[in-house]
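Chain residues, written in single-letter form:
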Amino acid sequence: MSEKENQGPFSLTRRRFLAWSAAVAGSSSLLHWAEAANSFEPVTAGATVQRNEKVVLTSGSHNCGGRCQIKAHVKDGVIVRITTDDKITDSEAVPQLRGCLRCRSYRNRLYHTDRLKYPMKRVGKRGEGKFVRITWEEAITTIADHTRRIMAQYGPEAIFLHYASGIAGKVAERVWMGRLLGLYGGYLSYYGTYSTACTQAATPYTYGTVATGNSREDWVNSKLIILLGFNPAETVHGTNTPYYLKLAKEAGAKIVVIDPIYSSTAIALADEWIPIKPTTDNALLDAMAYVMITENLHDQAFLNKYCLGFDEEHMPPGIPAGQSYKSHVLGQGGDDTAKTPEWAEAITGVPRDTIIRLAREYAQLRPGALIQGYGPQRHAYGEQVVRGGTVLAAMTGNVGVKGGWASGTGYKARDQVVGSIPSQNPCKASISCFIWPDAIQRGKEMGAADGVRGVPKLSSNIKMIYNLAGNCLINQHSDCNGTAKLLADESLVECIVVSEHFMTASAKFADILLPSDNYMERDDIVSPWGWGDYLLYMNKAVDTVFECRNGYDWISELAEQLGIKEKFTEGKSKEDWLRYLVDKTRQANPGFPTWEEFKEQGVYRWKYDKPSIAFQKQIEEPDKYKFSTPSGKIEIFSPRLWAMNKPELIPAVPKYIPAWEGPQAPLARQYPLQCIGHHYKRRVHSTFDNVPWLEEASAQEVWMNPADAAERGLKAGDKVKVFNDRGVMVIPVKITSRIMPGVVSVPQGAWWTPDENGIDRRGCTNTITKYHPTPLAFGNPQHTNLVQIAKN
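Residues numbered from 1 in each chain as written. Predicted model: local features only at pLDDT ≥ 70, side-chain atom pairs only at ≥ 80, totals over all residues. Heavy atoms only, no water.

We now examine helix α20 (residues 574-588). Owing to its 3.6 residues per turn, the α-helix brings residues three or four apart onto one side. In a regular helix each residue adds 1.5 Å, so 15 residues correspond to 21 Å; α20 covers 22 Å between its end C-alpha atoms and thus fits that length. All of the buried residues in α20 are W577, L578, L581, V582 and T585. The arc enclosing the buried residues of α20, seen along the axis, measures out at 140°, which places them on a common side. (Helix = DSSP H or I, 4+ residues; strand = E, 2+ residues; numbered from the N terminus. Expected span 1.5 Å × (residues − 1). Buried < 20%, exposed > 50% of the residue type's maximum accessible area, 1.4 Å probe, protein only. Arc of directions from axis to C-beta.)

Listed below in structure tokens is the structure:
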């Protein structure tokens, strides 16, 4: 083949193909130590650049809470190594945005031999993973035909733009698809996230907002920091969050970690680790409140002034006696059970004396920060622990003060306005991101009581799914076996379009499968989620290979076939749109750089002269500033929840409610182990699961306490069956005292790989999870599982 042969718009020259193939050969199997060492070369100030090598500033746009600066070293059109931020700063307040092992392995993912190369269509049964190559023209024509037909036959509520977090940039494919479908008539949208559904829904019932966190630099003012299911050393909540905790510890703060697992955060930072049984966190919080009340340690003056519903003297009118939070805790609210430390010990596994000591410390070591992670709210009644944390913050007077923390979602109280691609959806219907299986089977029956918003009832079942850069069709959704059976039924969903990098578990269920460009092959703009006062420009490092395409390109062609290209593109190129985003950001942020400056710098940091304190104005000037709740107060008792009239599932004050598969469930006699799926440093959800380097860093294995292993005659490395009525997986066992007895964990994100008998051989935790949305948020309860384990 000559240099000029096969020069279509998405083809490779011979030189580029050979260079790319060499890169693939270097990362497709176990790497030589020399190459691995070079690729992981430490970055120091003044690190040299090799001859004929250019360095491109970029980042990652996968669903990681941090955003790190990545330096792609490019030679002859190929990335030869990855380094990271080495800029020396003069202030500890401006730490480097250094990449972790996931960022450092980007090259291996980019040049993986299994990367999808061409558009394909399904030829076997849906889910079998059998495809044939087609042209882009055929793929786009097929997608356009289905979109037109389904829109005309069923209406916009039949088209679902699926939850997908694999690409989180400002010009990601799903952003363009939302704009396109909005211009074409609309689509069924969603609210919430798989990660944070319960906390996003529940926190506003207390405060009226999810922006309840002080900025991280304020942690140095805390005397006590309680991390409840919060593990930022592995689940990154803004780059450098552990660094700010380290500064707090050096300033004298005591750090307590409450978690079933002795996490990396606990190892690195904790003064104390308190293991707790999954799904029982709110029993612990109730018992801590009992200690504070009975020992008169709570801040009654704060509660009287700012709160609604703590005690009977501060209830809204018309509510029967015995419904306040204090009445509930003291056993005077109808169940006649005082929430004593002894009561909580039997449920949580946390010793009585530990509960008493922790309650006294949180009440007396002020200011204190009870920071809630998202793991505890991903269970059967996850809404309760969220509101339980907000109540303890109020009881201790830690709301609106330096060194405090209002609990709940904890998003930062200050935010920056960043430009977005204009998009409007004329279809007003939306569902919880988690309940799309219900909308497939009985959408036309679903209304507000089923999690539908915006319309009284859905007008159609879901008939078409766009799944762009997402693995929640199967892998990250509950009950893989049940979900696969649902999606395989072609009489239900009539067309599934997937855009991906690899043949993931979800991609196998596509009718049309499209190969996407990689993070390193596009320009984009990304920001951290949760915390972090910075914005990153992702510069394109290398050209796209084979027939992989950027979303804007192929969606523009789809818009043309649907007759709306001019409206969709407005005549703008990808660069024009990025300039548009920067211009909009500059309008809202004086001093923000021009597009050319931002692109060259790679990062912009907002600078503030002091930390932000959530609700400081409401606490310091209560007559002038009110909380964004109906009463204008912190609503410990929620009249809105009371009006729902579902006290057993959605109480007006936070309560511990035993989970359907918790330690007290009758099913525990058959399946005695509680199984969770913790986040793992080697993956971002399911992204990077197929990267060999990261498999070496952290193998996929089920974590089990030595006592539970001895009871079953297991030794480290044994292949074991992890099973319940929903499925079976076979994986190695890791025997470790870093997990409490009675609890096991299968790190979440491994790609579901069932054999001919339906037994998962990779260790996808959703093989055994239950599809059962939570009662208020209709959210994800994926840490609510009972299993048994036996030697295979």
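Under the definition given, this model contains 37 aromatic pairs. On the basis of an interplanar angle of 35° and a centroid distance of 6.4 Å, the ring pair of W136 and W554 is categorised as tilted. You can see W136 sitting in helix α5 (residues 136-154) and its partner W554 sitting in helix α18 (residues 551-561), a full 418 residues away along the chain. According to the relative accessible area criterion, W136 is buried, its value standing at 6%. Overall, the relative accessible area of 0% leaves W554 in the buried class. Counting every residue linked through ring pairs, the aromatic cluster contains F160, Y163, Y190, Y194, F434 and Y771. Over the face of the ring belonging to Y191 we find R453, whose NZ or CZ atom lies 3.5 Å from the ring centre. (Phe/Tyr/Trp six-rings, centres within 6.5 Å; stacked < 30°, edge-to-face > 60°. Lys NZ or Arg CZ within 6 Å of the ring centre and 35° of its normal.)

Their axes nearest at 9 Å, the elements helix α10 (residues 281-294) and helix α14 (residues 352-364) cross at an angle of 65°. Taken together, the axis directions place α10 and α14 in an arrangement best described as roughly perpendicular. As for the relative orientation of α10 and α14, their crossing is right-handed in sense. Of the residues in α14, those in contact with L284, A287, M288, V291 and M292 of α10 are I355, I356, L358, A359, R360, Y362 and A363. Split by residue class, the contact of α10 with α14 holds eleven nonpolar, no polar and one charged. (Axes fitted to C-alpha atoms, helices over the stretch in contact; angles between N-to-C directions. Parallel < 35°, antiparallel > 145°, perpendicular 65-115°, else oblique. Left-handed = near helix turned anticlockwise from the far one by under 90°. Contact = heavy atoms within 4.5 Å. Nonpolar A, V, L, I, M, F, W, Y, C, P; charged D, E, K, R; others polar.)

With that settled, consider the environment of T141. Along the polypeptide, T141 turns up in helix α5. Exposure remark for T141: the relative accessible area of 27% places this residue in the partly exposed category. Between the C-alpha atoms of T141 and Q561, which are 420 residues apart in sequence, the distance is 7.3 Å. At a separation of 2.9 Å, a polar atom in the side chain of T141 contacts the side chain of Q561. (Polar contact = N/O pair within 3.5 Å; in protein donor to acceptor, adjacent residues only side chain to side chain.)

Among all positions in helix α8 (residues 241-250), only T241, Y244, L245, L247 and A248 are buried. Within α8, the buried residues cover an arc of 155° as seen down the axis, which keeps them to one side. Next to the buried residues of α8 lie β8 (224-228), β9 (254-258) and α9 (264-269). A positive phi of about 115° marks G252, the residue just after α8.

The subject of this paragraph is the sheet that holds strand β2 (residues 70-75). Pairing in this open sheet of three strands is antiparallel, and the strands run β1-β2-β3 from one edge to the other. The open sheet terminates on both sides in strands that have one partner only, identified here as β1 (54-58) and β3 (78-84). In this sheet, neighbouring strand axes are inclined to one another by 30° on average, regardless of whether the strands run parallel or antiparallel. Inspection of the sheet shows β2 paired to β3 by six bridges, in the antiparallel sense. (Pairing = 2+ DSSP bridges.)

With that settled, the discussion passes to the pairing of strand β16 (residues 512-515). Here β16 shows a buried face lined by I512 and L514 and a second buried face lined by L513 and P515. Note: strand β4 (residues 120-122) against β16, two bridges, orientation antiparallel. Residue pairing across strands places K121 opposite I512, the latter belonging to β16.

Across the sheet, six strands lie side by side as β5-β4-β16-β15-β14-β6; this open sheet has mixed pairing. Single-partner strands in this sheet number two, and they are β5 (131-133) and β6 (159-161). For this sheet the average axis-to-axis angle between neighbouring strands, irrespective of direction, equals 20°. Bridging between strand β15 (residues 495-500) and β16 involves four bridges; their strand directions are parallel. Of the residues in β16, the one forming a bridge with S499 is L514. Contacting β6, β14 (464-468) and β15, helix α6 (residues 173-184) crosses the sheet at an angle of about 150° to β14.

Now for the domain arrangement of the protein chain. For the protein chain, the assigned domains read domain 1 (120-194 + 417-526 + 534-605), domain 2 (198-414 + 614-643) and domain 3 (666-791). A C-alpha centroid distance of 37 Å is found between domain 1 and domain 2. Each partner contributes to the interface: domain 1 provides four residues, whereas domain 2 provides four residues. Between domain 1 and domain 2 the total buried area reaches about 260 Å² when both faces are included, carbon and sulfur atoms providing 35% of it. When the buried area of domain 1 at its contact with domain 2 is split by residue, T193, Y194 and Y534 rank highest and sum to 84% of it. (Domains from an automatic or database assignment. Buried area = accessible area lost by both parts, 1.4 Å probe.)

Take the pairing of β9 next. The buried fraction of β9 amounts to four of the five residues, a majority that puts the element mostly inside the structure. Judged from the five bridges that link them, β8 and β9 form a sheet pairing that is parallel. Bridging across to β9, I225 finds its partner in I255. Of the crossover connections in this fold, the one passing from β8 over α8 to the parallel β9 is right-handed. (Right-handed = clockwise from strand over helix to strand, strands pointing away.)

This part takes up unusual backbone geometry. Cis rather than trans, the peptide bond between R366 and P367 has omega equal to 0°. As for its position among the elements, P367 is in the loop between α14 and β12 (368-372). Unusually for a residue other than glycine, N240 sits at a positive phi of about 80°. Residue N240 is classed as buried on the basis of its relative accessible area, which comes to 19%. Of note in this structure, E570 is not a glycine but carries a positive phi near 50°. Taking relative accessible area as the criterion, E570 reaches 43% and is therefore assigned partly exposed.

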